[in-house]
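# Report on the structure
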Amino acid sequence: MRVLVIEDDAEAAAYVAKGLREAGHVVDHALDGESGYDMATAGDYDAYVVDRMLPKMDGLTLLSRRRENGDETPALFLSALGEVDDRVSGLQAGGDDYLVKPYAFSELLARVEALGRRRAAPTEVTTRFQVGDLELDVITRTVRRASKKIDLQPREFRLLEYLMRHAGQVVTRTMLLENVWEYHFDPQTNVIDVHISRLRSKIDKDFETPLLKTVRGAGYTIAADD
Amino acid sequence: MHRIFRTTAFRFTVIYVLFFAGAVAVLGLFVYQATFGEAAKQTDATIDGEIDVLADLFANNGAGLLTRVVRQRTAWRDDSIYMLIRAPSGAVLAGNLTALPPEALDAEGGFFNFTYERPIVDAAGRETGIQSREARGKIVRFQTQSEAESSYLVVVARDVAGRESLRNRSNAVIVRTAIVTIGFGVVIGVLFSRSLLRGVDSVNRTASAIRGGDLSQRIELTGSGDEIDNLSINLNSMLDQIERLMTGMRDVSDNIAHDLRSPLTRIKNRLDDAMKGGPAEKEEALRATLVDAERMLSTFNALLSIARIESGEGAGVLKPIDLVAIAEEMAELYEPAAHEAGFELILRAKPTPPVLGSRGLVSQAIANFLDNALKYAKGGSRIELTVAPIKAGGAFLSVNDDGPGVAPGDRDEILKRFVRLERSRTTPGSGLGLSLVAAIARAHHARLIIEDGLPHADGDGSGLKMVMVFPAQANR
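Residues numbered from 1 in each chain as written. Chains lettered and ligands numbered in written order. Predicted model: local features only at pLDDT ≥ 70, side-chain atom pairs only at ≥ 80, totals over all residues.

### With respect to the overall build of chain B
Counting its regular elements, chain B contains 8 helices and 12 strands. Counting only residues that meet the buried cut, chain B has 25% of its 476 residues in that class. Across chain B, contacts joining residues at least 24 apart in sequence account for 63% of those joining residues at least 6 apart. (Helix = DSSP H or I, 4+ residues; strand = E, 2+ residues; numbered from the N terminus. Buried ≥ 20, exposed ≤ 12 C-beta atoms within 10 Å, placed from the backbone. Contact = placed C-beta atoms within 7 Å.)

### Describing the interface of chain A and chain B
Contacts between chain A and chain B engage 17 residues on the former and 19 residues on the latter. Of all the elements in the fold, those that place two or more residues in the side of chain A that touches chain B are α4 (84–92) and α8 (191–203) of chain A. By residue number, the principal contributor to the side of chain A that touches chain B is α8(A), which donates 4 residues. For the side of chain A that touches chain B, a count of residues per class yields 8 nonpolar, 5 polar and 4 charged. (Nonpolar A, V, L, I, M, F, W, Y, C, P; charged D, E, K, R; others polar.)

### Section: the nonpolar core
Counting residues in each nonpolar core, the largest one holds 107 residues, and the members touching the most others are A:Val49, B:Met330, B:Ile366 and B:Leu370. In this structure, B:Phe58, B:Tyr82, B:Ile85 and B:Ala135 belong to the second largest nonpolar core, which totals 21 residues. (Core = buried A, V, L, I, M, F, W, Y, C linked by C-beta atoms within 7 Å.)

### Some thoughts on the packing of helix α6 (residues 323–340) of chain B against helix α7 (residues 359–376) of chain B
Residue and element names in this part refer to chain B. At a minimum axis separation of 10 Å, α6 and α7 run at an interaxial angle of 30 degrees. Judged on the interaxial angle alone, α7 and α6 are roughly parallel. Crossing of α6 over α7 shows right-handed handedness. Contacts between α6 and α7 involve Ile326, Ala327, Glu329, Met330, Tyr334, Ala337 and Ala338 from the former and Arg359, Val362, Ser363, Ile366, Ala367, Leu370 and Leu374 from the latter. Among the residues making up the contact of α6 with α7, the classes are represented as 11 nonpolar, 1 polar and 2 charged. (Axes fitted to C-alpha atoms, helices over the stretch in contact; angles between N-to-C directions. Parallel < 35°, antiparallel > 145°, perpendicular 65-115°, else oblique. Left-handed = near helix turned anticlockwise from the far one by under 90°.)

### Describing the pairing of strand β12 (residues 464–470) of chain B
Within a regular beta strand, the side chains point alternately toward one face of the sheet and then the other, so they alternate between its two faces. Residue and element names in this part refer to chain B. Side chains Leu464, Met466, Met468 and Phe470 of β12 all project onto a buried face; the interleaved residues Lys465, Val467 and Val469 project onto a face where none is buried. The sheet contact formed by strand β10 (residues 395–401) and β12 spans 7 bridges and is antiparallel. Among the inter-strand pairings, Phe396 is bridged to a residue of β12, identified as Val469. Taken together, the 6 bridges between strand β11 (residues 447–452) and β12 define a ladder with antiparallel strand orientation. In the strand pairing of β12, Ile450 is matched with Met466. (Pairing = 2+ DSSP bridges.)

### Let's talk about helix α5 (residues 279–310) of chain B
Its 32 residues place the ends of α5(B) 46 Å apart at the C-alpha level, agreeing with the 46 Å of an ideal helix rising 1.5 Å per residue. Of the residues making up α5(B), those classed as buried are B:Thr299, B:Ala302, B:Leu303, B:Ser305, B:Ile306, B:Ile309 and B:Glu310. (Expected span 1.5 Å × (residues − 1).)

### Focus: the environment of B:Ala337
Inspection of the secondary structure assignment puts B:Ala337 in helix α6. Under the C-beta neighbour-count criterion, B:Ala337 is labelled buried, with 21 such atoms within 10 Å. A sequence separation of 34 residues divides B:Ala337 from B:Asp371, and the C-alpha atoms of the two residues are 9.6 Å apart. What B:Ala337 contacts, discounting residues up to four positions off in sequence, is A:Thr189, A:Asn190, A:Val191, A:Val194 and B:Leu374.

### Considerations on the sheet that holds strand β9 (residues 382–389) of chain B
All names here are of chain B. Taken together, the 5 strands give an open sheet; going across it, the order is β7-β9-β10-β12-β11, and neighbouring strands pair in mixed fashion. The two strands at the open ends of the sheet, each matched to only one other strand, are β7 (344–349) and β11. Strand after strand, the sheet turns through a mean of 15 degrees between neighbouring axes, direction not considered. Here 7 bridges tie β9 to β10, and the two strands are oriented antiparallel to one another. Note that in β10 the partner of Pro389 across the bridge is Ala395. Across the face of the sheet, α6 comes into contact with β7, β9 and β10 while running at roughly 170 degrees to β7.

### Notes on unusual backbone geometry
Residue and element names in this part refer to chain A. Even without being glycine, Arg141 reaches a positive phi, approximately 55 degrees. As for its position among the elements, Arg141 is in the loop between β7 (134–137) and β8 (142–145). Phi at Ser147 takes a positive value of approximately 65 degrees, unusual for a residue other than glycine.

### Topic: the sheet that holds strand β1 (residues 2–6) of chain A
Backbone-to-backbone hydrogen bonds pair the strands of a sheet. The strands run either parallel or antiparallel. Residue and element names in this part refer to chain A. Spatially, the 5 strands line up as an open sheet ordered β2-β1-β3-β4-β5, and their pairing is parallel. With partners counted over all chains shown, the strands left at the sheet margins are β2 (26–30) and β5 (97–100), one partner each. Here the strands of the sheet are splayed against their neighbours by 20 degrees on average, with no regard to which way each runs. One ladder, built from 4 bridges, connects β1 with strand β3 (residues 47–51); its direction is parallel. For Val3, the partnering residue across the bridge sits in β3 and is Ala47. Packing of helix α1 (residues 10–22) onto the sheet brings it into contact with β1, β2 and β3, and relative to β2 it is tilted by some 170 degrees. Where helix α3 (residues 59–68) meets the sheet, its contacts fall on β3 and β4 (75–79), and the angle it forms with β3 comes to roughly 150 degrees.

### Some points on the packing of helix α2 (residues 33–42) of chain A against α3(A)
Residues and elements named next belong to chain A. Close contact between α2 and α3 brings their axes to 10 Å; oriented N to C, the two are set at 20 degrees. With respect to their mutual orientation, α2 and α3 come out roughly parallel. Along this stretch, α2 crosses α3, giving a crossing that reads as right-handed. Every residue of α3 that contacts α2 at Gly33, Gly36, Tyr37 and Ala40 is listed here: Gly59, Leu62, Arg65 and Arg66.

### Details of the confidence of the model for chain B
In low-pLDDT segments, the atomic positions of the prediction should not be examined closely. Residues and elements named next belong to chain B. In the predicted model, chain B carries a mean pLDDT of 79, and 90% of its residues have values of at least 70. When pLDDT is averaged over each element of chain B, β9 comes out on top at 89 and strand β1 (residues 80–87) at the bottom at 74. Here residues 420–428 is modelled with pLDDT under 50, and outside its nearest four sequence neighbours on either side it reaches 7 contacts, counting other chains as well. Scored by ipTM, the complex comes to 0.71, with pTM at 0.58. (pLDDT = per-residue confidence, 0-100.)

What follows is the structure, encoded as structure tokens:
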């Protein structure tokens, strides 16, 4: 993926760029809104990481202008402003995701990769997902593994659906809480982990190869071992 | 005192008084014209008519008949005054004036006003004295073609003393009324602005005291319930809010200093040591530093959230929310975790009318209650999450556990920032969970109550019940 990071804090930007490069992405970096806008206009990127508060042109303006010009590149806002209204204004300006500073790099990486993935199949509506021998059908709301039907609670179904939509990617606990439960706070206890382990007991327990894996220090991923 | 003249109320009063006085003057002028003006015109018309009659007599019948008619009219003894003089000899032929009034000589055939002496007559017709009276008259010269060298001067007049004195009295009344009106207006204006100023003064005094640094000052209320009083009440509650924010800010900075300085010092010391140590020590120091940094970040985030919610910014606009739906979601989210920790999480939700709130914040409050129950209700086995309406209006939600509980004396303490009771020092946590809940409660105008919960399973300990009472929508 080609990622454009627009962030005025040079050290933070270098840290993000280094991390993204280590994860195998190509990263360009702009230090202010105007040069960020120019680079976005000139380059063909798969994702933008935009700080909300930037010198010369703020992040919201930058992105809404790009959107006006028909640029649909998915964008993630970084901001120290984390309240609901701030998120909403970020999404209204055309942002696809919102991450509040301070954040863990693993969180940023997982979200940027989720954005890139969204772009790969932007209009196609997928209703069936398959990972290894695990199948999930969104229409009939059925889950099968090795052709054997598995009964899931509605929330477990949504959890699995989210994981399978992002198969092969790391999904963080916060992403799960935001997208499956629609909450924006960090529980102090391991509520998400327990839900995952329940799900795991249903889809992995009776089978030889586990599909739902824990990524230490980051979150979870669902993938078939190839 | 001179300040009164600069107040808006006084200016309005002056404008009002001027306007009112103007209206009174216009009205007075109209009345005057319609009465005295009209009466004066009538007098002049009567005199002119009389002269026309006399001129007619003279033209047709000569001076002899004119003299006789004037004598007859003079005998009537009403307000009419006549005088007939033969010119140029100056002999008075008839009339009730003894001499030609000097004003008549300047009138040159027109109207003139003059004074004359008239005997005062009593009811029996006897003369009891002489009075000076005002009159208005006209002088004309009658002349015939045949007697070119001799002509007659005729004076016809009316006594207007009664009318004049009435007019003078009326004028005096109008002037007095105007003075009283204006004086009254000024007095009312002064009193009005003074009472207004008193209210504003009290606001001003308080404002300058506060600017001087004493935030505890409040505006005195007069208890009259007027606009100034309402303004004072609003300003006072604004001041309460500001004071709370200031105190909160000071607390936060104190707390940051306290709770972030020690880990920072620890990190610094550890890094200092690691610089001198070998690779293994460096690795270990880095790992420990990372843990510290993460903990500090979460503390910092919690502090920011509290500050935002308390400033009223974090809650956003409160909308009607369904507490039952939120409780169901939270129970569903926490049930597996509770089960794993050895608790049975029971949801007791009665149909509850919506309350005004923020879904995100209320669910966060429930999450903090449940987190606390899972962490601290050691030895317990039940957690009850209850949502129910209150008869008097509003609703409450509570989280009730059968853990060891909190001693009544410590209950206020646990709501304070960074307070962690002695026995919980070993469990992870920032000590900010309940202060966040307290801030959320304040943002919802909700009361937070800590009570005994379910009896502890082992017999010692009272359990803990955290209750959040939401007001009814209407009386917020």
